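One letter stands for each residue in the lines below.
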Amino acid sequence: MPSFDVVNKVDGAEVQNAFQQAFKELAQRYDFKGTETELERTEQGFVIRSSTEGRIEAAFEVLQEKLAKRKVSLKNLDPQKMEPGPKSSFRQAVHLKEGIAVEKAREIVKEVKQAKLKVQAQIMDDQVRIQGKNRDGLQTVMQLLRTLDLGVDLQFINMRD
């Protein structure tokens, strides 16, 4: 029985490359000189520190630009609220989202069922498995999911016959 998995994964190497490029650009750009703007990589994502809120926003735009150039979806970014830091500075955490949340997975299953195709969808941890009798039904589901705007970047992996 043919099947495939719907997942939301981030390529860690591309994220690291984008981080390095953004880090270098922040160090070299004239408008960031003397603003103590820093970009740090953490397990959850990134932390941006600066002396002003405007510089944090500009640094976040640089990070977004570098991630987009490396083909990392910006839907995977979850910027947190800006917080005041020590010595009248500010910090903002930017988390990277991976996996499909249960609510989004339920929404995917609901949409697949509403399409009335001869396929089954089941939630497996942070991914959704789609099974069907033929490959054409699975490809139709892929097209359907690409047209939906769920706020999550979806990839289709493990296509099996």
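Rules of the game
- Residues numbered from 1 in each chain as written.
- Predicted model: local features only at pLDDT ≥ 70, side-chain atom pairs only at ≥ 80, totals over all residues.
- Heavy atoms only, no water.
- Helix = DSSP H or I, 4+ residues; strand = E, 2+ residues; numbered from the N terminus.
- Buried < 20%, exposed > 50% of the residue type's maximum accessible area, 1.4 Å probe, protein only.
- Phe/Tyr/Trp six-rings, centres within 6.5 Å; stacked < 30°, edge-to-face > 60°.
- Lys NZ or Arg CZ within 6 Å of the ring centre and 35° of its normal.
- Core = buried A, V, L, I, M, F, W, Y, C linked by side-chain atoms within 4.5 Å.
- Contact = heavy atoms within 4.5 Å.
- Axes fitted to C-alpha atoms, helices over the stretch in contact; angles between N-to-C directions.
- Parallel < 35°, antiparallel > 145°, perpendicular 65-115°, else oblique.
- Left-handed = near helix turned anticlockwise from the far one by under 90°.
- Nonpolar A, V, L, I, M, F, W, Y, C, P; charged D, E, K, R; others polar.
- Pairing = 2+ DSSP bridges.
- Expected span 1.5 Å × (residues − 1).

Undergrad: Can you tell me about unusual backbone geometry, naming the residues and giving the values?
TA: Despite not being glycine, Lys 116 shows a phi value in the positive range, around 55°. Along the chain, Lys 116 falls in the loop between α3 (102-114) and β7 (119-124). With relative accessibility at 73%, the residue Lys 116 sits in the exposed group.

Undergrad: Tell me what's going on with the packing of aromatic side chains, and back it up with residues and numbers.
TA: Scanning all chains against the criterion turns up three aromatic pairs. Plain terms: the ring middles of Phe 19 and Phe 23 are 5.9 Å apart, the flat faces sit at 40° to each other, and that makes the pair tilted. Here Phe 19 pairs with Phe 23, and both are found in helix α1 (residues 12-28), just four residues apart, close to one helical turn. Look at Phe 19 and you get buried, because its relative accessible area is 8%. An aromatic cluster is present here, built from Phe 19, Phe 23 and Phe 46 joined pairwise through their rings. In this structure, Arg 55 packs its charged tip against the face of Phe 32, placed 5.1 Å from the ring centre.

Undergrad: A description of the nonpolar core should follow, citing residues and the corresponding values.
TA: Formed by 20 residues in total, the largest nonpolar core has its most connected members in Leu 39, Phe 46, Ile 48 and Leu 67. Considering each element in turn, this core owes the most residues, seven residues, to helix α2 (residues 53-69). For Leu 39, the residues in contact, after removing those within four places along its chain, are Phe 19, Ala 22, Phe 23, Leu 26, Phe 46, Val 47, Ile 48 and Leu 63. By size, the runner-up hydrophobic cluster in this structure holds 18 residues, among which are Leu 138, Met 142, Val 152 and Leu 154.

Undergrad: Provide a residue-level description of the packing of α1 against α2, including the pertinent values.
TA: Two numbers describe how α1 lies on α2: the axes approach to 8 Å, and their chain directions differ by 140°. One element, α1, and the other, α2, form an angle in the oblique class. α2 is crossed by α1, and the crossing has right-handed handedness. Across from Val 15, Ala 18, Gln 21, Ala 22, Glu 25 and Leu 26 in α1, the residues of α2 making contact are Ala 59, Val 62, Leu 63, Glu 65, Lys 66 and Leu 67. Grouping the constituent residues of the contact of α1 with α2 by class yields eight nonpolar, one polar and three charged.

Undergrad: So what's going on with the sheet that holds strand β8 (residues 127-132)? Residues and values would help.
TA: Hydrogen bonding along the main chain pairs the strands of a sheet, whether they run parallel or antiparallel. Spatially, the four strands line up as an open sheet ordered β7-β8-β1-β9, and their pairing is antiparallel. Each edge of the open sheet carries a strand with a single partner, namely β7 and β9 (155-160). Adjacent strand axes in the sheet meet at a mean angle of 20° when their direction is disregarded. Of the strand pairs in this sheet, strand β1 (residues 3-7) and β9 are connected by four bridges, and their pairing is antiparallel. Along β9, the bridge assignment pairs Asp 5 with Ile 157. Taken strand by strand, α3 contacts β1, β7 and β8, and its axis lies near 175° from that of β7. Sitting on the sheet, helix α4 (residues 135-147) is in contact with β1, β7, β8 and β9, with an inclination near 175° to β9.

Undergrad: Lay out α2 with the relevant residues and their values.
TA: Taking 1.5 Å per residue, 17 residues should reach 24 Å; α2 reaches 25 Å between its end C-alpha atoms and fits that length. Within α2, the full set of buried residues consists of Ile 56, Ala 58, Ala 59, Phe 60, Val 62, Leu 63, Lys 66 and Leu 67. Looking at the packing, one finds that the buried side of α2 touches α1, β2 (38-41), β3 (45-50), β4 (77-79) and β6 (90-96). Backbone geometry just downstream of α2 places Lys 71 in the positive-phi region, at approximately 65°.

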